[in-house]
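In case you want the letters, here they are:
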Amino acid sequence: GESVGLHLPTLSVQEGDNSIINCAYSNSASDYFIWYKQESGKGPQFIIDIRSNMDKRQGQRVTVLLNKTVKHLSLQIAATQPGDSAVYFCAENVDNFNKFYFGSGTKLNVKP
Amino acid sequence: AAGVIQSPRHLIKEKRETATLKCYPIPRHDTVYWYQQGPGQDPQFLISFYEKMQSDKGSIPDRFSAQQFSDYHSELNMSSLELGDSALYFCASRPGQYNSPLHFGNGTRLTVT
C-alpha cells in the first residue's frame, strides 16, 4: 500500500499549549487527506480534512496544513485540552475514491 | 445523528473457528470499508464495497470474505481463525462521492484463543 507515516510516535504537551502533529505521505497523486482522532476502545473520529488544491484549512481549534512540495501534512491543535489526549492518524486518499491509507499514529498526551 | 453500527462489540473464538462481523452504515451511505487494527498499529485496509459490489481489496487474507447486502449492511466472514487474527475490526462508511471522509464504527474486538 501507500506509505503514510508520522515523524513522532508520542507527543507530550502541557494543557493550554499548542500541539503540532506531523505526517508524511509518499504518493504525489493523492488529492485528499483526513485527520482522525482515536480514543482508547473507540473507532477513529473525523477531525478535519483537506483537498490538495488547498494548503490550509481551519476548524474549531484545529488547523491542517498541506505542503505538497515536500508531501507533508500537519495538524495543529490550539490550546490543547486533556480531552485531546488520544492517538491521531492521518489518512491519504488515492484513486480519488476507494482507497484510504492510514499512517502510523501519534499518541498525544496532555499534561494538566 | 446516526452512526455506523457494528456488532458484536466483542467476540472470542478458538483457533480454526469461524466468525461473522456485521456492519450497518450510516443511512444513505452506499460505500462500506473494512479495516483491521492490531494493538498499537494503524488501521489496515481490508476491503471496500460500493453499491453492493466489491470496489477494492487490500490486505485481506483468502480465509476472509465479505459482502454488502441490498440494505447496504455488510458482513465480514472469517474462517480458519488464527491467533494473529486477534485485532480490532472497524467498519466505515461514506456517501459515494469524491472527497468525503470515512465515518467509523466503534469496532469489533476479536480475540482468538
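Residue indices follow the written sequence of each chain, beginning from 1 at its first position. Naming scheme: in the order in which they are written, chains are lettered from A and ligands are numbered from 1. The predicted origin of the model limits local features to residues at a pLDDT of at least 70 and limits the giving and counting of side-chain atom pairs to 80 or more, whereas totals for whole chains, interfaces and linings rest on all residues. Values shown for side chains rest on all heavy atoms present in the structure; no hydrogens or waters enter the calculation.

J.: Give me the lowdown on unusual backbone geometry, citing residues and values where you can.
T.: In this chain, Ser7(B) is followed by Pro8(B) through a cis amide linkage whose omega measures -10°. By the element assignment, Pro8(B) lies in the loop between β1 (5–7) and β2 (10–13). Located in the positive-phi region is Arg61(A), a residue other than glycine, with phi close to 65°. In this fold, Arg61(A) is placed in the loop between β6 (56–58) and β7 (62–67). Backbone geometry places Tyr72(B), a non-glycine residue, at a positive phi of 75°. Throughout this description, buried means an accessible area under 20% of the type-specific maximum (1.4 Å probe, protein chains only), exposed means over 50%, and partly exposed covers the range between. Residue Tyr72(B) is classed as partly exposed on the basis of its relative accessible area, which comes to 25%. Runs of H or I in DSSP of at least four residues are treated as helices and runs of E of at least two as strands, each being numbered from the N terminus.

J.: Tell me what's going on with the nonpolar core, and back it up with residues and numbers.
T.: Put simply, a nonpolar core is a bunch of buried Ala, Val, Leu, Ile, Met, Phe, Trp, Tyr and Cys residues held in one set by side-chain atoms that sit within 4.5 Å of each other. Counting residues in hydrophobic clusters, the biggest one holds 22 residues, and the most contacted among them are Leu21(B), Trp34(B), Leu76(B), Met78(B), Tyr89(B) and Leu110(B). Elements with a contribution of two residues or more to this core: β3 (19–24), β4 (31–37), β5 (44–50), β7 (64–68), β8 (74–78), β9 (87–94) and β11 (108–112) of chain B. Note on contacts: a residue pair qualifies if any of its non-hydrogen atoms lie within 4.5 Å across the two residues. With residues up to four places along the chain from it excluded, the contact list for Leu110(B) reads Leu11(B), Lys13(B), Ala19(B), Met78(B), Leu81(B), Asp85(B), Ser86(B), Ala87(B) and Tyr89(B). Membership of the second largest hydrophobic core comes to 20 residues, among which are Phe33(A), Trp35(A), Leu73(A) and Ala86(A).

J.: Summarise the interface of chain B and chain A; cite the residues concerned and give the values.
T.: In this complex, chain B contributes 25 residues to the contact, which on the side of chain A involves 22 residues. Between chain B and chain A, roughly 2,000 Å² of surface is buried when both sides are summed, and carbon and sulfur atoms account for 56% of that area. We define a salt bridge as a contact between a side-chain nitrogen of Lys or Arg and a carboxyl oxygen of Asp or Glu at a distance within 4 Å. The interface formed by chain B and chain A holds 0 salt bridges in total. Under the rule applied, a polar contact is a pair of N or O atoms within 3.5 Å (in protein, one hydrogen donor and one hydrogen acceptor; residues adjacent in sequence only if both atoms are side-chain atoms). Inspection of the region where chain B meets chain A yields 4 residue pairs in polar contact (both at pLDDT 80 or more). Broken down by secondary-structure element, the contributors of at least two residues to the side of chain B that touches chain A are β4, β5, β6 (53–57) and β9 of chain B. A 1.4 Å probe defines the accessible area here, and the buried area is the portion of it lost by two parts on being joined, summed over both.

J.: Can you break down the pairing of β3(B) residue by residue, with the values?
T.: Residue and element names in this part refer to chain B. On β3, burial follows the alternation: Ala19, Leu21 and Cys23 on one face are buried, whereas Thr20, Lys22 and Tyr24 on the facing-out side are not. Strand pairing is defined by DSSP finding a minimum of two bridges between the two strands. When β1 meets β3, the two strands line up antiparallel, connected through 3 bridges. Across the sheet, the residue bridging to Ser7 is Lys22, located in β3. For β3 and β8, the ladder comprises 5 bridges, and the chain directions are antiparallel.

J.: Can you lay out the packing of aromatic side chains for me, pointing to particular residues and giving the numbers?
T.: Here a Phe, Tyr or Trp ring, Trp counted by its six-membered ring, pairs with any other such ring whose centre lies within 6.5 Å, and the pair is stacked when the planes are under 30 degrees apart, edge-to-face when over 60, and tilted otherwise. Here the structure, examined in full by the defined rule, presents 14 aromatic pairs over all chains. Consider the rings of Tyr36(A) and Phe102(A), whose centres lie 5.5 Å apart with planes at 40°: the pair is tilted. A residue pair is termed long-range when its members are at least 10 positions apart, and Tyr36(A) in strand β4 (residues 32–38) and Phe102(A) in strand β10 (residues 99–102) qualify at 66 residues. Look at Phe102(A) and Phe104(B): their rings are 5.8 Å apart centre to centre, the planes differ by 75°, and that puts the pair in the edge-to-face class. In this pair, Phe102(A) sits in strand β10 while Phe104(B) sits in strand β10 (residues 103–104), so the two residues belong to two different chains. For Phe102(A), a relative accessible area of 5% corresponds to the buried category. Classification of Phe104(B) by relative accessible area gives buried; the value is 12%. What links up through ring pairs into an aromatic cluster is the set Tyr32(A), Tyr36(A), Phe46(A), Phe89(A), Phe100(A), Phe102(A), Tyr33(B), Tyr35(B), Phe45(B), Phe90(B) and Phe104(B).

J.: Any chance you could break down the sheet that holds β1(B) for me, citing the residues and the numbers?
T.: Residue and element names in this part refer to chain B. Across the sheet, 4 strands lie side by side as β1-β3-β8-β7; this open sheet has antiparallel pairing. The open sheet terminates on both sides in strands that have one partner only, identified here as β1 and β7. Each neighbouring strand pair of the sheet contributes to a mean axis angle of 15°, computed without reference to strand direction. Geometry is summarised by axes, namely lines fitted to C-alpha atoms with helices restricted to the contacting stretch, and by angles between N-to-C directions that run from 0 to 180 degrees.

J.: So, the state of the cysteines: which residues are in play, and what are the values?
T.: In this description, the term disulfide denotes a pair of cysteine sulfurs within 2.5 Å. For the structure on display, the rule yields 2 disulfides over all chains. Here Cys23(A) connects covalently by a disulfide to Cys90(A), the sulfurs 1.8 Å from one another. Judged by the torsion about the S-S bond (50°), the Cys23(A)/Cys90(A) disulfide is right-handed. Here Cys90(A) lies in strand β9 (residues 86–94) and Cys23(A) lies in strand β3 (residues 19–25), a separation of 67 residues in the sequence. When sorted by exposure, Cys23(A) lands in the same class as Cys90(A), which is buried. Between the sulfur of Cys23(B) and that of Cys91(B) lies a disulfide, 1.8 Å long from S to S. Its torsion about the S-S bond being -55°, the disulfide of Cys23(B) and Cys91(B) is classed as left-handed. Taken together, the residues Cys23(B) in strand β3 and Cys91(B) in strand β9 connect sequence positions 68 residues apart.

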